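# Inside the fold
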Amino acid sequence: MSDAEIRPARLEEAEVLAALGRTTFIDTFIHEFGIPYPPEDLAAYMDASFSAEATRKRLLDSSQVWWTASIDGEIVGFANAGPNTLPHADARASHAELRRLYIAKRAQGRGIGTRLLTTALTWMEAHTDGPLWIGVWSGNLKAQRLYAGYGFTKAGEYKYPVGTWYDDEFILRRG
Ligand SMILES: CC(C)(COP(=O)(O)OP(=O)(O)OC[C@H]1O[C@@H](n2cnc3c(N)ncnc32)[C@H](O)[C@@H]1OP(=O)(O)O)[C@@H](O)C(=O)NCCC(=O)NCCS
(Lines give C-alpha, C1' and ligand atoms only; values in the text may rest on other atoms or scores of the structure.)
Protein backbone atom coordinates (compact mmCIF):
# COMPACT_ATOMS: atom_id res chain seq x y z
CA MET A 1 0.00 0.00 0.00
CA SER A 2 1.22 3.51 -0.78
CA ASP A 3 1.13 6.21 1.87
CA ALA A 4 -0.56 8.68 -0.50
CA GLU A 5 -3.83 10.39 0.38
CA ILE A 6 -6.54 9.76 -2.25
CA ARG A 7 -9.47 12.19 -2.43
CA PRO A 8 -11.75 13.92 -4.96
CA ALA A 9 -10.09 16.79 -6.82
CA ARG A 10 -11.08 20.40 -6.07
CA LEU A 11 -11.80 23.09 -8.63
CA GLU A 12 -8.99 25.28 -7.35
CA GLU A 13 -6.54 22.48 -8.20
CA ALA A 14 -7.11 22.85 -11.96
CA GLU A 15 -3.78 24.54 -12.55
CA VAL A 16 -1.80 21.97 -10.55
CA LEU A 17 -3.57 19.10 -12.32
CA ALA A 18 -2.97 20.66 -15.73
CA ALA A 19 0.76 21.11 -14.99
CA LEU A 20 1.05 17.54 -13.69
CA GLY A 21 -0.76 16.26 -16.81
CA ARG A 22 1.61 18.16 -19.10
CA THR A 23 4.77 16.99 -17.35
CA THR A 24 3.63 13.37 -17.09
CA PHE A 25 2.55 13.28 -20.73
CA ILE A 26 5.94 14.63 -21.86
CA ASP A 27 7.93 12.34 -19.52
CA THR A 28 5.96 9.29 -20.66
CA PHE A 29 5.21 9.68 -24.33
CA ILE A 30 8.16 11.79 -25.46
CA HIS A 31 11.06 11.01 -23.09
CA GLU A 32 10.18 7.38 -22.28
CA PHE A 33 8.44 6.14 -25.43
CA GLY A 34 10.02 8.54 -27.91
CA ILE A 35 6.90 9.34 -29.93
CA PRO A 36 8.01 11.96 -32.52
CA TYR A 37 5.05 14.36 -32.24
CA PRO A 38 5.45 17.34 -34.57
CA PRO A 39 5.96 20.34 -32.23
CA GLU A 40 2.90 22.25 -33.45
CA ASP A 41 0.66 19.19 -32.92
CA LEU A 42 2.05 18.70 -29.45
CA ALA A 43 1.50 22.37 -28.59
CA ALA A 44 -2.13 22.23 -29.80
CA TYR A 45 -2.74 19.03 -27.81
CA MET A 46 -1.22 20.51 -24.65
CA ASP A 47 -3.52 23.51 -24.89
CA ALA A 48 -6.62 21.44 -25.57
CA SER A 49 -5.88 18.78 -22.95
CA PHE A 50 -3.70 20.28 -20.26
CA SER A 51 -4.37 24.01 -20.02
CA ALA A 52 -5.71 25.21 -16.68
CA GLU A 53 -8.86 26.45 -18.44
CA ALA A 54 -9.56 23.10 -20.17
CA THR A 55 -8.98 21.29 -16.89
CA ARG A 56 -11.27 23.69 -15.01
CA LYS A 57 -14.05 23.01 -17.51
CA ARG A 58 -13.68 19.26 -17.02
CA LEU A 59 -13.66 19.61 -13.23
CA LEU A 60 -16.93 21.55 -13.52
CA ASP A 61 -18.53 18.87 -15.74
CA SER A 62 -20.75 16.95 -13.32
CA SER A 63 -20.81 13.82 -15.49
CA GLN A 64 -17.13 13.14 -14.82
CA VAL A 65 -15.08 12.65 -11.68
CA TRP A 66 -11.48 13.31 -10.69
CA TRP A 67 -9.40 12.02 -7.80
CA THR A 68 -5.98 13.15 -6.67
CA ALA A 69 -3.19 11.34 -4.85
CA SER A 70 -1.05 13.50 -2.55
CA ILE A 71 2.07 12.88 -0.55
CA ASP A 72 2.79 15.37 2.25
CA GLY A 73 0.16 17.68 0.74
CA GLU A 74 1.67 17.66 -2.76
CA ILE A 75 -0.43 16.24 -5.61
CA VAL A 76 1.57 13.49 -7.37
CA GLY A 77 -1.14 11.78 -9.39
CA PHE A 78 -4.70 11.90 -10.60
CA ALA A 79 -7.40 9.75 -12.16
CA ASN A 80 -10.37 10.91 -14.23
CA ALA A 81 -13.41 8.85 -15.23
CA GLY A 82 -16.69 9.63 -16.97
CA PRO A 83 -19.12 8.54 -19.68
CA ASN A 84 -17.47 6.50 -22.42
CA THR A 85 -16.06 8.35 -25.43
CA LEU A 86 -14.16 5.46 -27.04
CA PRO A 87 -15.14 4.43 -30.58
CA HIS A 88 -16.09 0.76 -30.22
CA ALA A 89 -19.17 -0.85 -31.76
CA ASP A 90 -20.37 -2.13 -28.35
CA ALA A 91 -19.55 1.02 -26.42
CA ARG A 92 -22.20 3.52 -25.31
CA ALA A 93 -22.04 6.87 -23.54
CA SER A 94 -23.95 5.20 -20.71
CA HIS A 95 -20.89 3.01 -20.05
CA ALA A 96 -18.03 4.29 -17.91
CA GLU A 97 -14.53 5.05 -19.19
CA LEU A 98 -11.27 5.66 -17.38
CA ARG A 99 -10.14 8.80 -19.18
CA ARG A 100 -6.78 9.36 -17.50
CA LEU A 101 -4.53 7.84 -14.89
CA TYR A 102 -1.34 9.88 -14.44
CA ILE A 103 1.28 9.48 -11.74
CA ALA A 104 4.30 11.82 -11.65
CA LYS A 105 7.44 9.96 -12.69
CA ARG A 106 9.08 10.39 -9.28
CA ALA A 107 6.08 8.78 -7.55
CA GLN A 108 5.60 5.78 -9.87
CA GLY A 109 6.06 2.17 -8.77
CA ARG A 110 4.80 2.77 -5.21
CA GLY A 111 1.26 1.51 -5.59
CA ILE A 112 -0.32 4.94 -6.15
CA GLY A 113 -1.56 4.16 -9.67
CA THR A 114 -3.12 0.96 -8.37
CA ARG A 115 -4.95 2.80 -5.59
CA LEU A 116 -6.24 5.52 -7.93
CA LEU A 117 -7.32 2.83 -10.40
CA THR A 118 -9.28 0.84 -7.80
CA THR A 119 -10.91 4.06 -6.58
CA ALA A 120 -11.95 4.91 -10.14
CA LEU A 121 -13.16 1.36 -10.85
CA THR A 122 -15.47 1.42 -7.83
CA TRP A 123 -17.07 4.63 -9.14
CA MET A 124 -17.18 3.29 -12.71
CA GLU A 125 -18.98 0.08 -11.66
CA ALA A 126 -21.61 2.22 -9.92
CA HIS A 127 -22.01 4.50 -12.97
CA THR A 128 -22.28 2.15 -15.93
CA ASP A 129 -24.99 0.06 -17.50
CA GLY A 130 -22.56 -2.13 -19.40
CA PRO A 131 -18.84 -2.82 -19.70
CA LEU A 132 -16.06 -0.53 -18.48
CA TRP A 133 -13.67 0.96 -21.05
CA ILE A 134 -10.09 2.26 -21.16
CA GLY A 135 -8.03 3.59 -24.08
CA VAL A 136 -4.28 3.01 -23.80
CA TRP A 137 -1.32 3.64 -26.10
CA SER A 138 -0.40 0.41 -27.90
CA GLY A 139 3.21 0.52 -26.66
CA ASN A 140 2.40 1.31 -23.01
CA LEU A 141 2.97 -2.17 -21.63
CA LYS A 142 3.24 -1.05 -18.01
CA ALA A 143 -0.24 0.47 -18.05
CA GLN A 144 -1.60 -2.49 -20.03
CA ARG A 145 -0.22 -4.89 -17.38
CA LEU A 146 -1.84 -2.89 -14.62
CA TYR A 147 -5.23 -2.86 -16.39
CA ALA A 148 -4.98 -6.60 -17.25
CA GLY A 149 -4.52 -7.25 -13.54
CA TYR A 150 -7.96 -5.72 -13.00
CA GLY A 151 -9.69 -7.79 -15.67
CA PHE A 152 -9.36 -5.56 -18.74
CA THR A 153 -8.80 -7.27 -22.10
CA LYS A 154 -8.14 -5.84 -25.54
CA ALA A 155 -11.37 -5.25 -27.47
CA GLY A 156 -10.18 -3.14 -30.38
CA GLU A 157 -7.87 -0.45 -31.69
CA TYR A 158 -8.27 3.14 -32.77
CA LYS A 159 -6.30 6.23 -33.70
CA TYR A 160 -6.02 8.86 -30.96
CA PRO A 161 -5.46 12.37 -32.29
CA VAL A 162 -2.63 14.50 -30.91
CA GLY A 163 -3.14 17.57 -33.08
CA THR A 164 -2.99 16.21 -36.60
CA TRP A 165 -0.75 13.31 -35.48
CA TYR A 166 -2.47 9.98 -34.69
CA ASP A 167 -1.33 7.55 -31.98
CA ASP A 168 -2.13 3.83 -32.29
CA GLU A 169 -4.29 3.04 -29.28
CA PHE A 170 -5.82 -0.12 -27.86
CA ILE A 171 -9.36 -0.17 -26.55
CA LEU A 172 -9.63 -2.25 -23.37
CA ARG A 173 -12.85 -3.55 -21.89
CA ARG A 174 -13.99 -5.21 -18.69
CA GLY A 175 -17.36 -6.96 -18.54
C1 LIG B 1 0.99 3.41 -15.56
C2 LIG B 1 0.86 4.09 -14.21
C3 LIG B 1 -0.52 4.72 -14.05
C4 LIG B 1 1.05 3.05 -13.10
O5 LIG B 1 1.02 3.72 -11.86
P6 LIG B 1 2.12 3.41 -10.75
O7 LIG B 1 1.77 4.15 -9.52
O8 LIG B 1 3.47 3.61 -11.30
O9 LIG B 1 1.84 1.86 -10.57
P10 LIG B 1 1.87 0.98 -9.24
O11 LIG B 1 3.02 1.34 -8.37
O12 LIG B 1 0.52 1.00 -8.61
O13 LIG B 1 2.10 -0.42 -9.89
C14 LIG B 1 3.12 -0.55 -10.87
C15 LIG B 1 3.99 -1.67 -10.48
O16 LIG B 1 4.50 -1.49 -9.15
C17 LIG B 1 4.15 -2.60 -8.34
N18 LIG B 1 3.80 -2.07 -7.02
C19 LIG B 1 2.55 -1.86 -6.54
N20 LIG B 1 2.61 -1.39 -5.28
C21 LIG B 1 3.91 -1.27 -4.97
C22 LIG B 1 4.61 -0.81 -3.83
N23 LIG B 1 4.00 -0.40 -2.70
N24 LIG B 1 5.96 -0.77 -3.89
C25 LIG B 1 6.61 -1.19 -4.99
N26 LIG B 1 5.98 -1.64 -6.10
C27 LIG B 1 4.65 -1.69 -6.09
C28 LIG B 1 3.01 -3.25 -9.02
O29 LIG B 1 2.96 -4.64 -8.77
C30 LIG B 1 3.27 -2.97 -10.48
O31 LIG B 1 4.13 -3.95 -11.01
P32 LIG B 1 4.40 -4.09 -12.58
O33 LIG B 1 5.53 -3.18 -12.89
O34 LIG B 1 4.76 -5.52 -12.76
O35 LIG B 1 3.16 -3.67 -13.33
C36 LIG B 1 1.96 5.18 -14.01
O37 LIG B 1 3.22 4.59 -14.17
C38 LIG B 1 1.82 6.37 -14.92
O39 LIG B 1 1.11 7.31 -14.61
N40 LIG B 1 2.52 6.37 -16.06
C41 LIG B 1 2.57 7.50 -16.96
C42 LIG B 1 1.23 7.82 -17.58
C43 LIG B 1 0.56 6.59 -18.11
O44 LIG B 1 1.16 5.80 -18.81
N45 LIG B 1 -0.72 6.48 -17.76
C46 LIG B 1 -1.55 5.42 -18.27
C47 LIG B 1 -2.04 5.89 -19.60
S48 LIG B 1 -3.50 5.09 -20.02
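Here's what I pulled together on the structure shown here. (Residues numbered from 1 in each chain as written. Predicted model: local features only at pLDDT ≥ 70, side-chain atom pairs only at ≥ 80, totals over all residues. Heavy atoms only, no water.)

Attention now goes to the site of the ligand. Close to the ligand lie 20 residues, the nearest being Ile103, Gly111, Gly113, Thr114 and Asn140. In this structure, Gly109 approaches the ligand through a main-chain N or O atom, which is 2.9 Å from an oxygen atom. For the ligand, the accessible surface in isolation is 920 Å², of which the surrounding protein chains cover 70%. Looking at the shell around the ligand, the elements with two or more residues in it are helix H1 (14-32), strand E4 (96-103), helix H4 (112-126), strand E5 (132-137) and helix H5 (141-149). Broken down by element, the shell around the ligand gets its largest block of residues, five residues, from H5. Tallied by class, residues from the shell around the ligand come to eight nonpolar, nine polar and three charged. (Near = heavy atom within 4 Å. Polar contact = N/O pair within 3.5 Å; in protein donor to acceptor, adjacent residues only side chain to side chain. Areas by Shrake-Rupley, 256 points an atom, 1.4 Å probe, with all protein chains shown as cover. Helix = DSSP H or I, 4+ residues; strand = E, 2+ residues; numbered from the N terminus. Nonpolar A, V, L, I, M, F, W, Y, C, P; charged D, E, K, R; others polar.)

Most of strand E3 (residues 74-83) is tucked away, with eight of its ten residues classed as buried. Pairing of strand E2 (residues 65-71) with E3, which is carried by seven bridges, proceeds in the antiparallel orientation. The partner of Val65 across the bridge, within E3, is Ala81. What sits between the antiparallel neighbours E2 and E3 is a turn of two residues, in which Asp72 has the positive phi angle 50 degrees. Two elements, E3 and E4, share seven bridges in a ladder whose sense is antiparallel. Its bridge partner being in E4, Asn80 is matched across the sheet by Arg100. (Buried < 20%, exposed > 50% of the residue type's maximum accessible area, 1.4 Å probe, protein only. Pairing = 2+ DSSP bridges.)

Right, let's get into the nonpolar core. Trp67, Leu98, Leu101, Ile112, Leu116, Met124 and Tyr147 are the most contacted members of the largest nonpolar core, which totals 28 residues. Those elements that provide at least two residues to this core are E2, E3, E4, H4, E5, H5 and strand E7 (165-174). For this core, the element with the highest residue contribution is H4, accounting for seven residues. Every residue in contact with Met124, bar those within four places of it in the chain, is listed here: Ala81, Ala96, Glu97, Leu98, Leu132 and Trp133. The next biggest cluster of nonpolar side chains, apart from the first, holds 20 residues, and it includes Leu17, Leu20, Phe25 and Ile75. (Core = buried A, V, L, I, M, F, W, Y, C linked by side-chain atoms within 4.5 Å. Contact = heavy atoms within 4.5 Å.)

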